[in-house]
Amino acid sequence: MNPFRCIAKVFLFRGAILIPDLPVALLNWDEWTQFFSCGSIKRIKSNFGQTLAMAIELKIKKIEQHTEDFKTFELEAQHPLPYKAGQYLTLTMDTLTGEERRSYSMVSAPETDENIKIGVKRIPNGLFSRMLFDEVKTGDILTCSGTGGLFTLPDTIEEDVEFYFFAAGSGITPFISLLKSGLTRFPHFRASLFYSNRSEDVTAFRNELLAMRNQFPERFHLEFLFSNTPDLREARLDRERLLKIISGVKHKEKTYFYICGPAAYMRMIHFILVENGIPKKNIRKEDFLPVRTHAFIPEPPDQTTRKVILHYKGQQYKFEVVYPDTILRAAKKLKISLPYSCETGKCGNCLAKIIHGKVWMNNNEVLLDSDIAKGLTLTCTGHPIEGDVELQIGGG
């Protein structure tokens, strides 16, 4: 029997907690209502008989191998699963040590693809990636907790806005989705992609990207960088090359920079961009590693026990948060199933809107200052301070 399938069945029948991880404001009310009414979502009962959550089943329709360690999986739901280009899908399974979740960026776009398609890089010691890469097959059923993520295009794009995309290795995955959507949805969308790899033979989506460039030569600029190239000037995205790219930017306030790749790669690009006058609000990062950038976890200025009222899926939950627990950890201890993935403030899956009160985050690598000004916060690193707090997750 397929091990992943077996685990998935145990997961479903033993009532593990699953919920659609859809950040607030990413879907309108009609889309949210449609999502929760679709037949592909099933209520799961816990061991004590209380309905706690919903599971979304996805059937593997097609598997493609792009390189030795990279595959894409086309997944079919009974009804459409709303998402935006650049977002990810969070897969779930139950293990002997508890629930496991992994998020995988989508290479599909709602404007161009009938089904969701995710990209998966095989990690030698990765629980999920090894299972997906080595065990599952077409026709198998996977379970997920929905879509999420803030690595998306603006809802509206003015004619003189430009986009610069920087990808390394499997970091190319969300950019395939963004490019499909941008080039199809906006007639004046213009983007430049700088894609770094060790060599040509380990470059996923090379042919697809070349086809895009041929189809949109006036709006899509593409450069491949291979570290095995004899000419070192063409081998890596170093400081000199990045400064040359920045010098060609016409309007820094109207130019967006998206980065996805290894941590050191993203830090280097982000630092040089900011150093050379690119507004932080125009820089987006997508981090695949659910580990904290800094080992030190700062303490909140207020460690008093506070009450939290949380609205989610039409239910109201009331509980206390006792330091050092975050809002998410306090909820998990009470078996309240909420959206989350990384638990380190890096993915945005646990996004919530503050209705009343104040939340202090010990780490935030995804929300912009403008998002925080709108009252958005992260429950996985959030602590209620200076009084009790009321939060809203999702569409109600």
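Just so we're clear, the structure is a prediction, and the values are computed from it rather than from any experiment.

Basis of the calculations
- Within any chain, residue numbers begin from 1 and follow the written order of that chain's sequence.
- A pLDDT threshold of at least 70 governs which residues receive local features in this predicted model, and a stricter bar of 80 or more applies before side-chain atom pairs are shown or counted, although totals over entire chains, interfaces and linings include all residues.
- Values shown for side chains rest on all heavy atoms present in the structure; no hydrogens or waters enter the calculation.
- Runs of E in the DSSP output that reach at least two residues are strands. Runs of H or I that reach at least four are helices, and both are numbered from the N terminus.
- Working definition: with a 1.4 Å probe on protein chains only, accessible area under 20% of the residue-type maximum means buried, over 50% means exposed, and in between means partly exposed.
- Residue contacts follow a heavy-atom distance rule, with two residues in contact if any of their heavy atoms lie within 4.5 Å.
- Each accessible area value is a Shrake-Rupley result obtained with a 1.4 Å probe; residue values ignore everything except the protein chains displayed when judging cover.
- Only buried residues count toward a nonpolar core, which is a set of Ala, Val, Leu, Ile, Met, Phe, Trp, Tyr and Cys residues joined through side-chain atoms within 4.5 Å.
- Starting at the helix axis, one direction is taken to each C-beta atom, and the arc is that of these directions.
- Of the two site types, the cavity is a set of points on a 1 Å grid over the protein atoms alone where a 1.4 Å probe fits but cannot get out, and the pocket is an open set with protein on both sides within 12 Å along at least five of seven lines, each lined by residues with an atom within 4 Å of a point.
- Grid points are joined across faces, edges and corners, and a volume is the space filled by probe spheres set on the points.
- In this classification, the charged set is Asp, Glu, Lys and Arg, the nonpolar set is Ala, Val, Leu, Ile, Met, Phe, Trp, Tyr, Cys and Pro, and all remaining amino acids, among them Gly, are polar.
- Strands qualify as paired when DSSP identifies two bridges or more between them.
- In this analysis, axes come from line fits to C-alpha atoms, helices being fitted only over the stretch in contact, and the angle between any two N-to-C directions falls in the range 0 to 180 degrees.
- Between 30 and 60 degrees the pair is tilted, below 30 it is stacked and above 60 it is edge-to-face, where a pair is any two Phe, Tyr or Trp rings, Trp via its six-membered ring, whose centres lie within 6.5 Å.
- Any Lys NZ or Arg CZ found within 6 Å of a ring centre and within 35 degrees of that ring's normal is scored as a charge over the ring.

Chemist: Got a minute to help me understand the overall build of the protein in this structure?
Modeler: What the protein contains, in helices and strands, is nine helices and 17 strands. Scored against the burial criterion, the 396 residues of the protein give a buried share of 54%. Considering only residue pairs separated by 6 or more positions, the protein has 70% of its internal contacts joining residues 24 or more positions apart. Counting only carbon and sulfur atoms, one obtains 51% of the accessible surface of the protein, whose full area is about 18600 Å².

Chemist: I'm lost on the nonpolar core in this one. Help?
Modeler: One recurring pattern in soluble globular proteins is that nonpolar side chains are buried together. In terms of nonpolar packing, the biggest core is built from 35 residues, with F163, F165, L179, F189, L193 and L209 touching the most fellow members. Elements represented by at least two residues in this core include exactly β8 (162–168), α4 (173–185), β9 (191–197), α5 (206–215), β10 (220–226) and β11 (255–260). A total of five residues in this core trace back to one element, the largest contributor, which is α4. Look past the residues within four positions of F163 in its chain and what remains in contact with it is L153, P154, I157, F189, R190, A191, S192, Y256 and Y258. Residues L150, I336, C350 and V366 belong to the second largest nonpolar core, which totals 27 residues.

Chemist: What am I meant to see in the environment of Y195 here?
Modeler: With respect to the secondary-structure elements, Y195 resides in strand β9. Sequence separation of Y195 and S170 is 25 residues, and the distance between their C-alpha atoms is 10.0 Å. Ignoring sequence-local partners within four residues, the contact set of Y195 consists of A167, G169, I172, T203, A204, L209, E223, F224 and L225.

Chemist: Explain α5 here, please?
Modeler: Owing to its 3.6 residues per turn, the α-helix aligns residues three or four sequence positions apart on the same side. Among all positions of α5, only L209, L210 and M212 are buried. When α5 is viewed along its axis, its buried side chains cluster within an angular range of 155° and face the same direction. Exposed residues lying more than 90 degrees from the buried face of α5 are N207, N214 and Q215.

Chemist: What is the right way to read empty space enclosed by the protein from this model?
Modeler: A probe as big as a water molecule, rolled over the atoms, marks out the empty space that is left. Following the criterion strictly, the structure yields one cavity of 30 Å³ or more and no others. By volume, the largest cavity amounts to about 50 Å³. The wall of the largest cavity is formed by P300, D302, Q303, T304, V321, V322, Y323, D325, H383 and P384. Classifying every residue of the lining of the largest cavity by side-chain character gives five nonpolar, three polar and two charged.

Chemist: Please clarify how the environment of G261 should be interpreted in this entry.
Modeler: With respect to the element layout, G261 can be found in the loop between β11 and α7 (263–275). Judged by its relative accessible area of 17%, G261 falls in the buried class. In this structure G261 touches A168, G171, M266 and E286, once residues within four positions along its chain are discounted.

Chemist: What should I look at first to understand the sheet that holds strand β12 (residues 283–286) in this one?
Modeler: Pairing between the strands of a sheet comes from backbone hydrogen bonds, and it takes one of two forms, parallel or antiparallel. Reading across the sheet, the five strands line up as β10-β9-β8-β11-β12 and stay open at both edges, with parallel pairing between neighbours. The sheet is open, and its two edges are formed by β10 and β12, each paired on a single side. When the angles between neighbouring strand axes are averaged without regard to direction, this sheet yields 15°. Taken together, the six bridges between β8 and β9 define a ladder with parallel strand orientation. When the sheet's bridge partners are listed, A167 is paired in β9 with Y195. Along the sheet, α5 contacts β9 and β10; its crossing angle with β10, the most-contacted strand, is approximately 150°.

Chemist: Just checking my understanding: could you explain the environment of I278 for this structure?
Modeler: The residue I278 is located in the loop between α7 and β12 in this model. Expressed as a C-alpha distance, the spacing of I278 and E253, which sit 25 residues apart in the sequence, is 7.3 Å. When near neighbours in sequence (up to four residues on either side) are disregarded, I278 contacts K252, F257, L273 and I283.

Chemist: Sorry, what's going on with unusual backbone geometry here?
Modeler: Leaving glycine out, the prevailing phi sign among residues is negative, and the prevailing peptide bond configuration is trans. Cis geometry is adopted by the peptide bond preceding P324, which originates at Y323 and carries an omega value of 20°. In this fold, P324 is placed in the loop between β14 (315–321) and α8 (327–333). Phi at K313 takes a positive value of approximately 55°, unusual for a residue other than glycine. Its place among the elements puts K313 in the loop between β13 (306–312) and β14. A positive phi angle is found at K335, which is not glycine, with a value near 65°. Note on K335: relative accessible area 54%, which makes it exposed.

Chemist: What exactly am I supposed to notice about the packing of aromatic side chains here?
Modeler: Geometry of an aromatic ring pair is reported as the spacing of the ring centres plus the angle between the planes. Inspection of every chain in the model, using the stated rule, returns 14 aromatic pairs. Summarising the aromatic geometry, the rings of F163 and Y258 are spaced 6.0 Å apart at their centres and angled 50° between planes, so their arrangement reads as tilted. Taken together, the positions of F163 in strand β8 and Y258 in strand β11 put the pair 95 residues apart, joining distant regions of the chain. The buried category is assigned to F163, whose relative accessible area is 1%. Here the basic side chain of R101 rests over the ring of Y340, its NZ or CZ set 4.0 Å away from the ring centre. Positioned above the aromatic ring of F224, the side-chain terminus of R206 is 5.8 Å from the ring centre.

Chemist: Help me out: how do you make sense of the pairing of strand β6 (residues 116–121) in this one?
Modeler: Each regular strand carries side chains that alternate between the two faces of the sheet. Most of β6 sits inside the fold, with five of its six residues counted as buried. In terms of strand pairing, strand β3 (residues 70–76) meets β6 through six bridges, oriented antiparallel. Opposite F70, over in β6, you have K121 as the bridge partner.

Chemist: Help me out: how do you make sense of the sheet that holds strand β15 (residues 351–361) in this one?
Modeler: The mixed open sheet is built from five strands, whose spatial order is β14-β13-β17-β15-β16. Each edge of the open sheet is held by one strand with a lone partner, namely β14 and β16 (376–378). Each neighbouring strand pair of the sheet contributes to a mean axis angle of 30°, computed without reference to strand direction. Looking at chain direction, β13 and β14 are connected through seven bridges and run antiparallel. Pairing of K307 across the sheet is with E320, part of β14.

Everything listed here is a matter of coordinates, which is why it stays silent on function.
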